[in-house]
Structure formats: structure tokens, C-alpha cells
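Summary of structural features
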Amino acid sequence: MELTVYLAGQIHDNWRDILKSEASDLNLPLTFVGPMGNHDRSDNIGEEILGKQPNNIFKDEAASAINNLRTEILMNKSDVVIALFGDKYKQWNTAMDASRAIEKGKPLILVRPETLHHPLKELSNKAQVVVETPQQALQTLSYVFS
């Protein structure tokens, strides 16, 4: 058995690369997908495909349509979603992706520090598992294969 894991969460650091490396070290049969990790490309993909937009609102609308298409396809192909909430960045896209996973009936592992317990209590209650670190999420998936 092999699982495809959608990694939802902020794209401003290398948490995905660390998790992928740790999964590889454990020889877990996991394939990882997620949002576009190149922040500039994500912001500019609308203009890259559709050409220069008249203003930043139209630029954002064009990019979000294409990013949402990408997310929809990859999340649909995923077996499980790991959604990482951290303290450092705004987490609007993570909340949206976690909510979409729940709506789609995808198993959700929510990663959030204790400091975010209160603001994420309803979302946490809908997740299959809530952990505090990406490593705990990986250990949870490892258990599936034991």
C-alpha cells in the first residue's frame, strides 16, 4: 500500500522538505503533494498564463483561480491531508485547505501548537488526529503501516 499525502500549510519555510526527508529515512511508502511552494510563482501564475492584468486585484483573482484548480486536483488525488498551522504566518489558506479536506471526507491530521488550541478548536474537533509537530503527524502515518 502507498499513500498520497497533501501537505497543506504555509509555504514560507522548508517544513515540507524536512518531513519528506524524514519519511524517506523511515522508508514510508508516501508520495507528497501540496500547494505551489514557490511563493512568487504562486502569486504570478495568473499573469504567467493569462498575461498582464489591469491591477493587483485582477492579478490576485487570476492567480487564485489557477492555484485553486491545482489544489482541487491534487487534494482529490490524495488519501490523507496534513494541515500545518504555525505561529509565524497568517493561516488563511491552511484553514481553507483543512476545511476542504473535511468537506471531501479526506482524513485530516491537523498540526498545531498548543498556543493555537483555542482559535482552532472547532477545526481540531473535525480532524481525525490533532498533533503538535509535523514529526508526530509522520509518526501517525507510520502507524498505518505497522
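The present account deals with the structure reproduced in this document. In this text the structure is predicted, and so the values were computed from the model without any measurement.

**Considerations on the pattern of salt bridges**
What the rule picks out here adds up to 6 salt bridges. Linking E103 and R100 is a salt bridge whose minimum nitrogen-to-oxygen distance equals 3.1 Å. With a gap of 3 residues between them, E103 and R100 both fall in helix α4 (residues 92-104), about one helical turn apart. Across the salt bridge formed by E122 and K121, the nearest N and O atoms sit 3.7 Å from each other. Take E122: its relative accessible area is 52%, and that puts it in the exposed class. The exposure class of K121 is partly exposed, given its relative accessible area of 35%.

**Here we look at the side chain of Q53**
Within the secondary structure, Q53 sits in the loop between α2 (39-50) and α3 (56-76). Leave out the neighbours within four places in its chain, and Q53 touches E47, F58, K59 and A62.

**Some remarks on the sheet that holds strand β2 (residues 30-33)**
As summarised here, the arrangement of the 5 strands in space is β2-β1-β3-β4-β5, forming an open sheet in which the pairing is parallel. Bordering the open sheet on either side are β2 and β5 (129-131), each of which pairs with just one other strand. Direction aside, the axes of adjacent strands within the sheet are offset by 25° on average. Sheet analysis places strand β1 (residues 3-9) next to strand β3 (residues 80-84), joined by 5 bridges and oriented parallel. By the bridge assignment, G9 is partnered in β3 with L84.

**Focus: the pairing of β3**
Burial runs high along β3: 5 of the 5 residues are buried. When β3 meets strand β4 (residues 108-111), the two strands line up parallel, connected through 4 bridges. The partner of L84 across the bridge, within β4, is V111. Traced from β3 through α4 to β4, the parallel crossover comes out right-handed.

**Some thoughts on the side chain of R16**
Positionally, R16 belongs in helix α1 (residues 15-25). Here R16 occupies a buried position and makes no salt bridge, while the nearest side chain of opposite charge, D13, is found at 6.3 Å. With residues near it in sequence (within four places) discarded, R16 still touches L7, A8, G9, Q10, I11 and P35.

**Comments concerning the nonpolar core**
Within the largest apolar cluster, 18 residues are counted, with the highest numbers of intra-cluster contacts made by V5, L30 and I82. Put simply, the parts of the chain that give this core at least two residues each are β1, α1, β2, β3, β4 and α6 (134-144). Apart from residues lying up to four places away in sequence, V5 is in contact with L30, T31, F32, V33, S78, V80, I82 and L141. If you look at the next biggest cluster of nonpolar residues, it comprises 15 residues, including V81, L108, L116 and A127.

Calculation notes
Residues numbered from 1 in each chain as written. Predicted model: local features only at pLDDT ≥ 70, side-chain atom pairs only at ≥ 80, totals over all residues. Heavy atoms only, no water. Salt bridge = Lys/Arg side-chain N within 4 Å of Asp/Glu carboxyl O. Helix = DSSP H or I, 4+ residues; strand = E, 2+ residues; numbered from the N terminus. Buried < 20%, exposed > 50% of the residue type's maximum accessible area, 1.4 Å probe, protein only. Contact = heavy atoms within 4.5 Å. Pairing = 2+ DSSP bridges. Axes fitted to C-alpha atoms, helices over the stretch in contact; angles between N-to-C directions. Right-handed = clockwise from strand over helix to strand, strands pointing away. Lys, Arg positive; Asp, Glu negative; His and termini not counted. Core = buried A, V, L, I, M, F, W, Y, C linked by side-chain atoms within 4.5 Å.

Purely geometric numbers; function is a separate question.
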